[in-house]
Amino acid sequence: MQIEIYSDVVCPWCWIGEQRLYRALADSPDVSVRWRAFQLDPSAQSTGTPLVEWLGRRYGGEANARRMFGQVTSVAAEEGLVMNFDRAIGANTFDSHRLIWWAGEQGDQRPMVEALHRAHFTDGLDLGRQDDLVRAAVGLGHDEQAVRDFLGSTAGADEVLDELAMGRELGVTGVPMFVFAGKYAISGAQDPSTLREVLDEVRRRESAAPLLKDLAPRGESCDDDTCAV
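Reference entry: report on the structure contained in this document. Along every chain, residues carry numbers that run from 1 in the direction the sequence is written. Local features in a predicted model are, by the rule used here, given only for residues with pLDDT of at least 70; side-chain atom pairs are given and counted only at 80 or more, and totals for whole chains, interfaces and linings are based on all residues. Heavy atoms throughout the structure, all of them, feed into the side-chain values; hydrogens and water do not.

Observations regarding empty space enclosed by the protein
- A pocket here means an open set of points on a 1 Å grid, computed over the protein atoms alone, that has protein on both sides within 12 Å along at least five of seven lines. A cavity is instead a set of points where a 1.4 Å probe fits but cannot get out; residues with an atom within 4 Å of a point line either one. Grid points are joined across faces, edges and corners, and a volume is the space filled by probe spheres set on the points. Going through the model one piece at a time under the given rule, you end up with 1 cavity of 30 Å³ or more.
- Size it by volume and the largest cavity reaches roughly 60 Å³.
- Taken together, Ser 7, Trp 35, Arg 36, Ala 37, His 97, Ile 100, Trp 101, Gln 109, Val 160 and Glu 163 make up the full set of residues lining the largest cavity.
- At the level of secondary structure, the elements contributing two or more residues to the lining of the largest cavity comprise strand S2 (32-37), helix H4 (94-106) and helix H8 (157-170).
- Its residues assigned to classes, the lining of the largest cavity shows 5 nonpolar, 3 polar and 2 charged. Numbering of helices and strands runs from the N terminus; a helix is a DSSP stretch of H or I covering at least four residues, while a strand is a stretch of E covering at least two. Three residue categories are used. Nonpolar comprises Ala, Val, Leu, Ile, Met, Phe, Trp, Tyr, Cys and Pro, charged comprises Asp, Glu, Lys and Arg, and polar comprises the others, including Gly.

Considering the pattern of salt bridges
- Salt-bridge detection follows one rule: a side-chain nitrogen of Lys or Arg within 4 Å of a carboxyl oxygen of Asp or Glu. Following the criterion strictly, the structure yields 16 salt bridges and no others.
- Residues joined in a network through salt bridges with shared partners are Arg 129, Asp 131, Asp 132, Glu 144 and Arg 148.

Let's talk about the side chain of Asn 92
- Here Asn 92 shows up in the loop between helix H3 (62-78) and H4.
- Any pair of nitrogen or oxygen atoms within 3.5 Å is treated as a polar contact; in protein, a donor-acceptor pairing is required on top of that, and neighbouring residues in sequence qualify only through side-chain atoms on both sides. A polar side-chain atom of Asn 92 sits 3.0 Å from the main-chain carbonyl oxygen of Pro 42.
- Here, two residues are considered to be in contact whenever any of their heavy atoms come within 4.5 Å of each other. Aside from chain neighbours lying at most four places away, what touches Asn 92 is Gln 39, Asp 41, Pro 42, Ser 43, Ala 44, Gln 45, Ser 46, Leu 127 and Gly 128.

A look at helix H1 (residues 12-24)
- For a helix, the expected span equals 1.5 Å multiplied by the residue count minus one. In this model H1 runs 19 Å from its N-terminal to its C-terminal C-alpha over 13 residues, within 8% of the 18 Å that 1.5 Å per residue would give.
- The buried fraction of H1 is high, at 11 of 13 residues.
- All of the buried residues in H1 are Pro 12, Trp 13, Cys 14, Trp 15, Ile 16, Gly 17, Glu 18, Gln 19, Arg 20, Leu 21 and Ala 24. Three exposure classes are used, based on accessible area relative to the maximum for each residue type with a 1.4 Å probe and protein chains only: buried under 20%, partly exposed in between, and exposed over 50%.

Points about the environment of Arg 34
- Structurally, Arg 34 is set in strand S2.
- Each C-alpha atom, one on Arg 34 and one on Glu 4, is 4.8 Å from the other, the two residues being 30 residues apart in sequence.
- The contact partners of Arg 34, leaving out residues within four places of it in the chain, are Gln 2, Ile 3, Glu 4, Ile 5, Trp 101, Gln 109 and Glu 163.

Section: the side chain of Ser 28
- Considering the arrangement of structural elements, one finds Ser 28 in the loop between H1 and S2.
- For Ser 28, a relative accessible area of 10% gives the class buried.
- Each residue touching Ser 28, except ones within four places of it in the same chain, is listed here: Leu 199 and Arg 203.

A closer look at H4
- With 13 residues, H4 should reach 18 Å at 1.5 Å per residue; the first-to-last C-alpha distance of 19 Å fits that figure.
- Those residues of H4 lying buried are Phe 94, Ser 96, His 97, Arg 98, Leu 99, Ile 100, Trp 101, Trp 102 and Ala 103.
- The secondary structure elements touched by the buried residues of H4 are strand S1 (2-7), S2, helix H5 (110-121), helix H6 (130-138), helix H7 (144-151) and H8.
- The positive-phi residue at the C-terminal boundary of H4 is Gly 107, with phi of around 130°.

Let's talk about the pairing of S1
- Most of S1 is tucked away: 5 of the 6 residues are buried.
- Seen with its strands pointing away from the viewer, a crossover is right-handed if its path from the first strand over the helix to the second goes clockwise. With H1 bridging S1 and its parallel neighbour S2, the resulting β-α-β unit is right-handed.
- What makes two strands pair is DSSP finding at least two bridges between them. With 4 bridges joining them, S1 and strand S4 (residues 177-180) adopt antiparallel strand pairing. Looking at the pairing, Ile 5 lines up with Phe 178 of S4.

Structure, rendered in structure tokens:
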């Protein structure tokens, strides 16, 4: 069975939800995972603006933005994730999704996804800067020149655009969104127990549900250009 994850690397609930999914899949060697591109803010500009400043302009000041970070930071810590929102930089994530696609072509997307989440939330790297994307990829053992050559080309752009369009056609408006066997979906950072129940249910009735039938209540997620942190 394949699970597709619609996700954005700057979505905190995506990182949390992905960790919970892998805990749920610990005893499921028959399941493969593929990431699909989603952009919370396709119009975002990579200008090196601190995330707290950018959110402050949208939500009535930096103090409000910092209060928003409280819950998600605490939940992330329970999953062993460090989110330093004071260091995070706002960025357009299109090239990050290209890099994830490229990693998939190399054989495994997950390490790249993890590296980019960590680069954004923990290390304060600017995912809008090619040098910082290269740094994240090289840290995984990828050849620096190969990564620079890829990012300097247009390779993967059409594929990412196709994935973004596919998400819109499926009605994906919030992430993370997990699509099981191409037919069943749940949204939000669900608990591992819920994900295991869904996986068992999908195995029982794989061909019985319509496209993107919700199998669980909505969990915490990021919608379009807003994120309930």
